[in-house]
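Working through the structure, step by step
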Amino acid sequence: MSWVGTWSTTSTSSASLSYGSTESDQADDARRKLEKEQTAELLDARLEGGAKVYLLSHKWFQDWKTYVQYSFGKRPPAVDNASLVLSDGTLRDPNPYKGVDYDIVPEPVWELLIKWYGGGPPVIRRIKKHGYGADVDLEDYKVSCRLLTTNKELRLQVSKERCTCHKLKKKIHKLYELTTELSQVRLFVEEKEISDDEFVSSFTSSYSTVLVDPDGSHPPPTNSSFSSGVYPSSSYTSSPPSYSSYGSSDSSYYHSSGSSREKGVIGLSNLGNTCYMNAGLQCLVHTTPLTEFLSGEEFQQILNTKAPKKNVVSALLHPKKVSYGSGDLARSYSELVKEMWSSTSYCATPSSLKDNLGQLSSQFSGYGQQDSHEMLLFLLDGLHEDFNRVKEKPYIETLTGAPGCDEVELARNSWRDHLARNNSFIVEMFQGQLKSTLQCNSCRHTSIAFDPFMTLSLPLDEATNNRGYDHFSEGLTIDSCIKAFLREEQLSDDDLWYCPKCRKHRPATKKFNLWNIPTILILHLKRFRTISTGGVRGWDWPSKITSFVDFPLSGFNIGAYVVGPSPIAGKSLLYDVYAVVNHSGGTDGGHYTACAKVGSKWYEFNDTSTTDIPESNVKSDRNYIIFLQKRPEPVPQPTPNTPASTPTTTTTDTATPSTKSSSHSHNTHSHSHTSHSHSSKKDKKKP
């Protein structure tokens, strides 16, 4: 008997089995198995350009995937795409994101899901014939407009095939709330007036802003800087700019506040699923000490020392490959930073930087989605190698100690050895030092080491229950996450420590303490993990923790967690948040954005789109990476009737890391002779 044949296929409710008055667990398991087996190969099949596919609500699709994978998963109701389209079939959100708002399924999978669950409505699209990955043409144009009288911007969604200039005028007249007659409104693209009967698709290839003359008396300025404003969907391989929906169902638009663009408020072009890179870059570009370093004398000397030879013939015959320490990564990054802080354009294109990252690591050479945290670590490590003042790295054995040793001396000597191989501005600003303690469970042998770190990866496990569901914790704070990071843990069976006393790999406990904190502190919230169902035929299921983590935007005191030498230990160390990387969606897609503080205002950076936001919008359950900068310590004032002490020259103590940490550690926090990462191998899953 066919399982499919016994299921109801009505469109008004979930399918049900005809096994009597109750549904047994055995029948439900059989249904899960059947649905998984019948769709697995279809979902894995390669989608060719031009293939007919269906958009499916991301939330519904995730609920269904959870149901077929887990015995605790709840069977979803009928397919519901109401969140994607309006009753007339147009997109509800003019800028839906794959893996956040929708997923793509082949036609056979859609037919099976409708047969099993019913529902709808169908949202049919075609796979792009050109571009990277299986993405669709959403068949709408996003038009950027600017009013000549006030410079007020808006962006709206129009039909790709049916919208004429006259219809576009009507939308603009309504959204700008113009008081003039519609016949008086004139539209210009690159100083050329557009006639009423022209279709939008005929003048969008120029990618220029549509300039709006509200009353026929304002000709467009010559040599206009208004550029890059019309976005045909077919030009995007992943994520077009962000648009918000307002008003009636036939108009969706975004408008920016203010007529002038703040320096440093500039978007980044998405080169094909590179939102992970764009979000991380926005945070680094708005890291003031690093940006200032790039305009300093030391960096110019680095560029001069590592400048490529100008032998054109040799360059053509033997193309130069990017390598660590060659200066190419630093050069492309500094050029991007310069463009972003000096350009009047609305966006920059980080193609040169991405090419260099891809040459250094194949992980970033393609156009697939990657993890923003991994990209940041890799980029900072590459910049460190380009900035490194050490030309010949000596071989140095790792220092360890036992309980009762002089920890201050051990930490100082460990940092001295680290600087002997890694001495750069990145080390000075971004790296700190951890005390790592390992104890063998068998012989109780204890080993202490001091390791450098670039970022702190904070666990959020207390925000989940024992069954692995995502859980929204009301009391989760950055303090509780730091305490969890510092808590003693038992190493897993597949992560045993080689005990030097037993001379065997043994189960062990591990504990971290914060010894020194860098000037720029990067906190990584470990939202991604892998859940194993166990058993012989168990599955490893990627999961994302979506709990809200509260943290102060200013005056965060991390000093209470520092155990370094006096006067550092327990001292008030205040930090202010200046940038955040956010991640929306699940583990099999999603989208990265960033928030950064420019001057006194906060902005959201969503690929090419930039929007000023209230400070209250910075914190959310999407926060993934938090950037903080240490406040300068107040200069002590001389007491009355007491002459000020003579200023002394401060020299860098190469044996004490006050604002430093390690580049090559890549946030492994490993006990130097163990290679044991604080993060389990199953902790990370690229979204």
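Residues numbered from 1 in each chain as written. Predicted model: local features only at pLDDT ≥ 70, side-chain atom pairs only at ≥ 80, totals over all residues. Heavy atoms only, no water.

**With respect to the nonpolar core**
Formed by 57 residues in total, the largest nonpolar core has its most connected members in Leu 284, Tyr 333, Leu 357, Leu 379, Phe 387, Phe 430 and Phe 627. Of all hydrophobic cores here, the second largest spans 35 residues; its members include Leu 460, Cys 481, Val 580 and Val 618. (Core = buried A, V, L, I, M, F, W, Y, C linked by side-chain atoms within 4.5 Å. Buried < 20%, exposed > 50% of the residue type's maximum accessible area, 1.4 Å probe, protein only.)

**Some words on the packing of helix H9 (residues 328-342) against helix H11 (residues 372-387)**
Orientation of H9 relative to H11, taken along the N-to-C sense of each, is 110 degrees, at an axis distance of 8 Å. Overall, the two elements H9 and H11 adopt an arrangement that is roughly perpendicular. Crossing of H9 against H11: the hand is left-handed. Along the contact surface, H9 presents Asp 328, Leu 329, Ala 330 and Tyr 333, while H11 presents Leu 379, Gly 382, Leu 383, Asp 386 and Phe 387. Residues that form the contact of H9 with H11 fall into these classes: 6 nonpolar, 1 polar and 2 charged. (Axes fitted to C-alpha atoms, helices over the stretch in contact; angles between N-to-C directions. Helix = DSSP H or I, 4+ residues; strand = E, 2+ residues; numbered from the N terminus. Parallel < 35°, antiparallel > 145°, perpendicular 65-115°, else oblique. Left-handed = near helix turned anticlockwise from the far one by under 90°. Contact = heavy atoms within 4.5 Å. Nonpolar A, V, L, I, M, F, W, Y, C, P; charged D, E, K, R; others polar.)

**Overview of helix H12 (residues 407-421)**
End to end, H12 covers 22 Å across 15 residues, agreeing with the expected 21 Å (1.5 Å per residue, within 8%). Those residues of H12 not exposed but buried are Leu 410, Ala 411, Asn 413, Ser 414, Trp 415, Asp 417, His 418 and Leu 419. Those residues of H12 that are buried are in contact with helix H13 (425-430), strand S15 (432-440), strand S16 (446-453) and strand S21 (508-516). Backbone nitrogen of Val 408 and a side-chain oxygen of the N-cap are separated by 3.3 Å at the start of H12; the cap is Asp 406. (Expected span 1.5 Å × (residues − 1). Polar contact = N/O pair within 3.5 Å; in protein donor to acceptor, adjacent residues only side chain to side chain.)

**Side note on the sheet that holds strand S3 (residues 102-106)**
Overall, antiparallel pairing links the 3 strands, which are arranged S3-S1-S5 in an open sheet. Among the strands making up the open sheet, the edge pair consists of S3 and strand S5 (124-126). Neighbour-to-neighbour, the strand axes of this sheet turn through a mean angle of 45 degrees, independent of strand direction. Bridging between strand S1 (residues 52-57) and S5 involves 3 bridges; their strand directions are antiparallel. Considered in S5, the bridge of Val 53 is made with Arg 125. Contacts between helix H2 (residues 58-69) and the sheet are confined to S1 and S3, with S1 contributing the most and set at about 85 degrees to the helix. (Pairing = 2+ DSSP bridges.)

**Digging into the environment of Ser 269**
Examined against the element boundaries, Ser 269 turns out to sit in the loop between strand S13 (267-268) and helix H5 (275-285). Given a relative accessible area of 14%, Ser 269 falls into the buried group. For Ser 269, the contacting residues outside a window of four places in its chain are Thr 274, Asn 278, Cys 347, Ala 348, Thr 349, Pro 350 and Thr 608. Here Thr 349 takes part through its side chain, which lies 3.3 Å from a polar atom of the side chain of Ser 269.

**What to know about unusual backbone geometry**
Phi is mostly negative for residues that are not glycine, and the peptide bonds are mostly trans. The omega torsion of the bond from Gly 120 to Pro 121 falls at -5 degrees, within 30 degrees of zero and hence cis. Take Pro 121: it is sitting in the loop between strand S4 (119-120) and S5. One non-glycine residue, Arg 444, lies in positive phi territory at about 70 degrees. Mapped onto the elements of the fold, Arg 444 is located in the loop between S15 and S16. Here Arg 503, not a glycine, exhibits a phi torsion of approximately 60 degrees, which is positive. Topologically, Arg 503 is positioned in the loop between strand S19 (497-499) and strand S20 (504-506).

**Quick look at the packing of aromatic side chains**
What the rule picks out here adds up to 14 aromatic pairs. Among the aromatic residues, ring-to-ring pairing joins Phe 293, Phe 299, Phe 387 and Phe 425 into one connected group. When the ring centre of Phe 551 is taken as origin, the NZ or CZ atom of Lys 619, which lies over that ring, is 5.8 Å away. (Phe/Tyr/Trp six-rings, centres within 6.5 Å; stacked < 30°, edge-to-face > 60°. Lys NZ or Arg CZ within 6 Å of the ring centre and 35° of its normal.)

**Looking at the pattern of salt bridges**
Side chains bearing opposite charge may pair, as long as their charged atoms lie close to each other. Enumeration over the complete set of coordinates arrives at 18 salt bridges. The closest approach of N and O atoms between Lys 393 and Glu 385, which form a salt bridge, is 3.1 Å. For Lys 393, a relative accessible area of 32% corresponds to the partly exposed category. Across the pair Lys 601 and Asp 612 runs a salt bridge, and its minimum N-O distance is 4.0 Å. With Lys 601 in strand S28 (residues 601-606) and Asp 612 in strand S29 (residues 609-613), this pair connects stretches of sequence that are 11 residues apart. (Salt bridge = Lys/Arg side-chain N within 4 Å of Asp/Glu carboxyl O.)

**Digging into the sheet that holds strand S18 (residues 489-490)**
Strand order in the open sheet made by the 4 strands is S16-S15-S21-S18, with antiparallel pairing throughout. Two strands in the sheet have a free side with no partner beyond their single neighbour: S16 and S18. For S15 and S21, the ladder comprises 8 bridges, and the chain directions are antiparallel. For Leu 434, the partnering residue across the bridge sits in S21 and is Leu 514. The strands touched by H12 within the sheet are S15, S16 and S21, with S16 carrying the most contacts at an inclination of about 45 degrees. Together, S15 and S21 form the strand contacts of helix H14 (residues 478-486), whose direction differs from that of S21 by roughly 125 degrees.

**Regarding the pairing of strand S22 (residues 520-526)**
Every regular strand shows the same layout, with side chains that alternate between the two sheet faces. When you tally the buried positions in S22, you get 7 out of 7 residues, the bulk of the element. Burial of S22 is two-sided: the residues Ile 520, Ile 522, His 524 and Lys 526 facing one way and the residues Leu 521, Leu 523 and Leu 525 facing the other way are all buried. Pairing between strand S17 (residues 456-459) and S22: 4 bridges, direction parallel. Each bridged residue has a counterpart across the sheet, and for Leu 456 the counterpart in S22 is Leu 523. Sheet topology places S22 next to strand S30 (residues 623-630); 5 bridges connect them, and they run antiparallel. Bridged to Leu 521 within S30 is Leu 628.

**Topic: the confidence of the model for the protein**
Residues at a pLDDT of 70 or more form 69% of the protein, whose mean pLDDT is 75. This model gives residues 309-319 a pLDDT under 50, and the stretch forms 0 contacts once residues within four places in sequence are excluded. Segment residues 642-656: pLDDT under 50, and 11 contacts once partners within four positions in sequence are set aside and those in other chains are kept. (pLDDT = per-residue confidence, 0-100.)

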